[in-house]
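So the chains spell out like this:
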Amino acid sequence: MTVQFDLIGLIVADMAKSLAFYRQLGLDIPAGADGEPHVEVALRGGLRLAFDTVDTIRSFDPEWTKPSAVPARAWLSIAATRPGG
C-alpha cells in the first residue's frame, strides 16, 4: 500500500472572509466560491487545501463541536492506494 499526504482541511465560520485571506496570500480561488459550503484549492506538489463550513462538517459528523481547549480547526487526509490498484 502506498500512503500519500493528500489534503489539509480548515473548518471556517465565514467562508468569504476565510477565502479572502487566502487570496491575499496568493491562492487562486474563484470569487464564486465565497458562498460554497466546501472549497478545494490545488497546491503545488499535488497537495490540496480544503475549506468547509461548520454545517458541512456536521452533515457527516452531527456530533462535531468546536474544540474548547484548542483553537485549531484543521484535519489531515491521507490517500492510500494499493500497488496495481
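This structure is a prediction, so every number in the text was calculated from the model and none was measured. (Residues numbered from 1 in each chain as written. Predicted model: local features only at pLDDT ≥ 70, side-chain atom pairs only at ≥ 80, totals over all residues. Heavy atoms only, no water.)

### Examining the overall build of the protein chain
Per the secondary structure count, the protein chain includes two helices and four strands. Along the protein chain, helices and strands appear, N-terminal first, in the series β-α-β-β-α-β. Counting across all 85 residues of the protein chain, residues that qualify as buried make up 27%. A sequence separation of at least 24 residues applies to 57% of the contacts in the protein chain between residues at least 6 apart. When the accessible surface of the protein chain is split by element, carbon and sulfur atoms take 56% of a total near 5,900 Å². (Helix = DSSP H or I, 4+ residues; strand = E, 2+ residues; numbered from the N terminus. Buried < 20%, exposed > 50% of the residue type's maximum accessible area, 1.4 Å probe, protein only. Contact = heavy atoms within 4.5 Å. Areas by Shrake-Rupley, 256 points an atom, 1.4 Å probe, with all protein chains shown as cover.)

### What about the pairing of strand S3 (residues 48–53)?
Counted residue by residue, S3 has five buried out of six residues, so it is predominantly covered. Pairing between strand S1 (residues 2–12) and S3: six bridges, direction parallel. Within S3, the position partnered with Ile 8 by the bridge is Leu 49. Counting the residues in the hairpin turn of strand S2 (residues 38–42) and S3 gives five residues, including Gly 45, whose phi is positive at 85 degrees. (Pairing = 2+ DSSP bridges.)

### Re the nonpolar core
The biggest cluster of nonpolar side chains holds ten residues, and these are Leu 10, Val 12, Met 15, Leu 19, Ile 29, Ala 33, Val 39, Val 41, Leu 49 and Phe 51. Mapped by element, the contributors of at least two residues to this core are S1, helix H1 (15–24), S2 and S3. (Core = buried A, V, L, I, M, F, W, Y, C linked by side-chain atoms within 4.5 Å.)

### Quick look at the confidence of the model for the protein chain
Mean pLDDT for the protein chain: 84, with 81% of residues reaching 70 or above. By mean pLDDT, strand S4 (residues 74–81) is the weakest element of the protein chain at 62, and S2 is the strongest at 95. (pLDDT = per-residue confidence, 0-100.)

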